[in-house]
Amino acid sequence: MRFYLISDNVDTQIGMRLTGIDGVVVHQKDELIEALNTAIECEDIAVILMTEKLVSLCPEYVYDLKLNRQRPLIVEIPDRHGNGRTKDSIMGYIRDAIGLKI
């Protein structure tokens with residue numbers, strides 16, 4: 001089983017390639033869907049890493065895959081510029097989910 005990267009950034013792809021993770025760079029929604037479908041069909045891919053920017057191109061499709069498929073695991077990663085979340089985003093998720101401020 002192996003990892004596979006779908007990125008919108010060549011720098012992210014090169015960094016992952018240095019660790020032995022293959023992948024592709026896409027920029028458009030149709031390219032993303034095609035890359036996802038190709039990766040899903042590969043039996044030896046266990047984890048698909050996707051940059052957060054790409055997930056935001058078609059979140060409904062990605063989340064549908066996450067919820068309704070057992071394999072592969074789809075993981076959102078920040079790109080080289082970091083993520084678009086605020087510093088306390090995890091605390092915000094907890095506060096929204098259970099109504100407690102930690």
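These figures come from a predicted structure and were not determined experimentally.

Engineer: Looking at this structure, how should I read the sheet that holds strand β3 (residues 45–51)?
Structural biologist: Each strand in a sheet pairs with its neighbour through backbone hydrogen bonds, running either in the same direction (parallel) or in the opposite one (antiparallel). The sheet built from four strands is open, its strands ordered β2-β1-β3-β4 with parallel pairing. The open sheet has two edge strands, β2 (22–25) and β4 (73–77), and neither has a second partner. On average, each strand axis in the sheet is inclined to that of its neighbour by 20 degrees, with strand direction left out of account. Judged from the five bridges that link them, strand β1 (residues 2–7) and β3 form a sheet pairing that is parallel.

Engineer: Sorry, what's going on with helix α2 (residues 29–41) here?
Structural biologist: Since the α-helix advances by 3.6 residues per turn, residues separated by three or four positions end up pointing in the same direction. Here α2 spans 19 Å end to end across 13 residues, near enough to the 18 Å set by a 1.5 Å rise per residue. Among the residues of α2, those classed as buried are Leu32, Ala35, Leu36, Ala39 and Ile40. One side of α2 holds all its buried residues, which, seen down the axis, span an arc of 130 degrees. Across α2 from its buried face, at more than 90 degrees, point the exposed residues Asp30, Glu34 and Glu41. Packing partners of the buried residues in α2 comprise β1, β2, β3, α3 (52–55), α4 (59–68) and β4.

Engineer: Even after reading the chapter, I still don't get the nonpolar core, so can you show me in this structure?
Structural biologist: When a protein is soluble and globular, its nonpolar side chains tend to lie buried together. One finds Ile6, Leu32, Leu36, Ile48, Met50, Val62 and Ile74 to be the most contacted residues of the largest nonpolar core, which totals 17 residues. Secondary structure elements with two or more residues in this core: β1, α2, β3, α3 and α4. It is α2 that contributes the most residues to this core, five residues altogether. Not counting the four nearest positions on each side in its chain, Ile6 is found in contact with Val24, Val26, Leu32, Ala35, Leu36, Ile48, Leu49, Met50, Thr51 and Leu54.

Engineer: I keep staring at the pattern of salt bridges and nothing clicks. Help me out?
Structural biologist: Pairs can form between side chains of opposite charge once their charged atoms are near each other. If you walk through the whole model with that rule in mind, you get six salt bridges. Linking Asp8 and Lys53 is a salt bridge whose minimum nitrogen-to-oxygen distance equals 3.8 Å. Of this pair, Asp8 sits in the loop between β1 and α1 (10–18) while Lys53 sits in helix α3, and the two are 45 residues apart along the sequence. A relative accessible area of 12% means that Asp8 is categorised as buried. Salt bridges sharing partners connect three or more residues here, namely Arg2, Arg17, Asp22 and Asp44.

Cut-offs used in this document
Residues numbered from 1 in each chain as written. Predicted model: local features only at pLDDT ≥ 70, side-chain atom pairs only at ≥ 80, totals over all residues. Heavy atoms only, no water. Pairing = 2+ DSSP bridges. Helix = DSSP H or I, 4+ residues; strand = E, 2+ residues; numbered from the N terminus. Axes fitted to C-alpha atoms, helices over the stretch in contact; angles between N-to-C directions. Expected span 1.5 Å × (residues − 1). Buried < 20%, exposed > 50% of the residue type's maximum accessible area, 1.4 Å probe, protein only. Arc of directions from axis to C-beta. Contact = heavy atoms within 4.5 Å. Core = buried A, V, L, I, M, F, W, Y, C linked by side-chain atoms within 4.5 Å. Salt bridge = Lys/Arg side-chain N within 4 Å of Asp/Glu carboxyl O.

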